[in-house]
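Below are the chains, spelled out letter by letter.
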Amino acid sequence: MDVTFGVEDATSPLPAGTFERVVQRAVAQWSATGAVGFRKAAAGERPDVTFGFRRGHHGACEPFGTGADVAHAGPVGPGSFVHYDLARKWSEDGADGAVSLFATTLHEVGHVLGLGHVDTPDAVMGVDPERPSSLSVHDRAGLHSLYGGGPDHPGDLAVVGTDGVVACVVRGVAPAGRAEFALFDADGDGRHELLVWRTDLSGHGELVLFRFTSGRPLLERSIGPFLGVVVPGARVGFVRGPDGERLLVATAPNGVVMPRQFDRFGVPELPARPVEAGLAARAALVREGDVDGDGRPERVERR
């Protein structure tokens, strides 16, 4: 994917040319992944993403100064932007207690490309304000899950069509012994989501849903993580209830059945009412379903 960018250097509080140099350094790291390519927009060309400083209220954006954010990014797609809080103290790499313009730009470009926050300390997309200055394996895995390519990782999940062709790979999300996965239409829209949940104690029962584009099985977005959904060691299955409700049924090693009901957005709500034994027994872990709604099933397999 080719992404053009523009830099509003005149709005920068740093010496002339510094802002553009920092942006060039940041986008070069993302371009080096091979999944995307950035170039500066030519004169008269509208850039896909524009970088600029703003203060306080500015357009329809969340105002600066009302929270802790030092920058924010616009939507994924043409006409996006990255805005930086002009009221902050900035330097190229965070010297003298200033905010690092480079680390912030590297992070915000990840948002422009469609990546969300992760709780991994060494990731550029982490939530810690003291972010690293180079992309981690986690950042690259997320990017390659969206745009394709990249090296294989333990726990890669491949979406495979009926013709045996791999449509896309979700990188590194389900390592054996730490996570399991299934396909289930959690939101009732006729497309199956890929559900991945942690099975180890350190995973805190985390569940993440991956949704794919309509008509073509490419990763669209993830939903979650939701903590405490699955008890480690439980047998997990999915089933439709008598009234059409969509349920995750976890059976603990001691035999206790713990159902969760998905709402219309596919979000697992608080524990559902108790389910009958027969319904719990029908709950299954299925790895084949129609993820893009084209009437043809795909299967998901760990690579």
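A few points on the structure. (Residues numbered from 1 in each chain as written. Predicted model: local features only at pLDDT ≥ 70, side-chain atom pairs only at ≥ 80, totals over all residues. Heavy atoms only, no water.)

1. Considerations on the overall build of the protein
Note the following rule: Each helix corresponds to a stretch of at least 4 residues labelled H or I by DSSP, and each strand to a stretch of at least 2 residues labelled E; elements are numbered beginning at the N terminus. Type-normalised accessible area, obtained with a 1.4 Å probe on protein chains alone, sets the label of each residue: buried when under 20%, exposed when over 50%, and partly exposed for intermediate values. Residue contacts follow a heavy-atom distance rule, with two residues in contact if any of their heavy atoms lie within 4.5 Å. Values of accessible area rely on a 1.4 Å probe in the Shrake-Rupley scheme; residue burial ignores everything except the protein chains shown.
The helix and strand tally for the protein stands at four helices and 19 strands. Projected onto its principal axes, the C-alpha coordinates of the protein cover approximately 70 × 40 × 35 Å. Considering the protein as a whole, with its 303 residues, one finds that 47% of them fall into the buried category. Excluding contacts between residues fewer than 6 apart, the proportion of contacts in the protein whose partners are at least 24 apart in sequence is 50%. Taken as a whole, the protein presents about 14,500 Å² of accessible surface, with 53% of it coming from carbon and sulfur.

2. Some words on the nonpolar core
One broad rule of soluble globular proteins: the nonpolar side chains tend to lie buried together. Quick note on the threshold: Think of a nonpolar core as a cluster: buried Ala, Val, Leu, Ile, Met, Phe, Trp, Tyr and Cys residues, connected wherever their side-chain atoms sit within 4.5 Å.
Counting residues in hydrophobic clusters, the biggest one holds 32 residues, and the most contacted among them are W30, F38, F51 and Y84. At the level of secondary structure, the elements contributing two or more residues to this core comprise β1 (2–7), α1 (18–31), β3 (49–54), β5 (80–85) and α2 (101–112). A total of six residues in this core trace back to one element, the largest contributor, which is α1. Leaving out residues up to four positions away in the same chain, F38 has contacts with V3, F5, V27, W30, S31, V49, V109 and L113. By size, the runner-up hydrophobic cluster in this structure holds 17 residues, among which are I223, A234, L248 and F262.

3. Thoughts on the layout of surface pockets
So the rule is basically this: Buriedness for pockets is judged along seven lines, at least five of which must meet protein on both sides within 12 Å for an open set on the 1 Å grid over protein atoms alone, while cavities are sets there where a 1.4 Å probe fits but cannot get out, and lining residues have an atom within 4 Å of a point. Grid points are joined across faces, edges and corners, and a volume is the space filled by probe spheres set on the points. Gly counts as polar in this scheme, as do all residues outside two lists: the nonpolar Ala, Val, Leu, Ile, Met, Phe, Trp, Tyr, Cys and Pro, and the charged Asp, Glu, Lys and Arg.
What the largest pocket holds in volume is close to 1,200 Å³. Lining the largest pocket are 41 residues, with V118, T120, G172, V173 and F210 positioned closest to its centre. For the lining of the largest pocket, the elements supplying multiple residues, two or more each, are α3 (137–147), β11 (193–198), β12 (207–212) and β13 (219–226). The biggest single contributor to the lining of the largest pocket is α3, with seven residues. Tallied by class, the residues present in the lining of the largest pocket amount to 19 nonpolar, 14 polar and eight charged. Of the voids in this model, the second largest pocket is the one considered here, and its volume is about 520 Å³. Of all the secondary-structure elements, those providing two or more residues to the lining of the second largest pocket are β7 (99–100) and α2. Take the lining of the second largest pocket: its biggest share by element is five residues, from α2. Tallied by class, residues from the lining of the second largest pocket come to eight nonpolar, seven polar and five charged.

4. Some remarks on the packing of α1 against α2
To be explicit about the condition: Comment: axis = line fitted to C-alpha atoms, over the contacting stretch for helices; angle = value between 0 and 180 degrees taken between N-to-C directions. Just so you know how the angles are binned, under 35 degrees is roughly parallel, over 145 roughly antiparallel, 65 to 115 roughly perpendicular, and the rest oblique. Crossings are sorted by hand: turned counterclockwise from the far helix by less than a right angle, the near helix makes the crossing left-handed, and turned clockwise it makes it right-handed.
Running from N to C, α1 and α2 cross one another at 50 degrees; their axes reach a closest spacing of 9 Å. One finds that α1 runs oblique with respect to α2. Between α1 and α2 the crossing geometry is right-handed. Counted together, F19, V22, V23, R25, A26, V27, Q29 and W30 of α1 and L101, F102, T105, L106, V109 and G110 of α2 form the full contact between these two elements. In the contact of α1 with α2, the residues fall into ten nonpolar, three polar and one charged.

5. With respect to the environment of D163
Our working definition: Polar contact is the term for a pair of N or O atoms within 3.5 Å; when the atoms are in protein, one must be able to donate a hydrogen and the other to accept it, and sequence-neighboring residues count only if both atoms are side-chain atoms.
With respect to the secondary-structure elements, D163 resides in the loop between β8 (157–160) and β9 (166–170). The exposed category is assigned to D163, whose relative accessible area is 59%. In this structure the side chain of D163 is engaged in a polar contact, spanning 3.0 Å, whose partner is the backbone nitrogen of V165.

6. Focus: the pairing of strand β17 (residues 268–271)
Which entries qualify depends on this criterion: The rule for pairing is simple: two strands pair if DSSP sees at least two bridges between them.
Across two bridges, strand β16 (residues 257–262) lies against β17 in antiparallel orientation. Opposite F262, over in β17, you have P268 as the bridge partner.

7. Thoughts on the sheet that holds β1
Across the sheet, five strands lie side by side as β2-β1-β3-β5-β4; this open sheet has mixed pairing. The open sheet has two free edges, formed respectively by β2 (37–40) and β4 (71–73), since each of these has just one partner strand. Here the strands of the sheet are splayed against their neighbours by 25 degrees on average, with no regard to which way each runs. As defined by bridge partners, β1 adjoins β3 across three bridges and the pair is classed as parallel. When the bridges of β3 are listed, V7 appears paired with F51. Lying over the sheet, α2 contacts β2, β3, β4 and β5, oriented at roughly 150 degrees with respect to β5.

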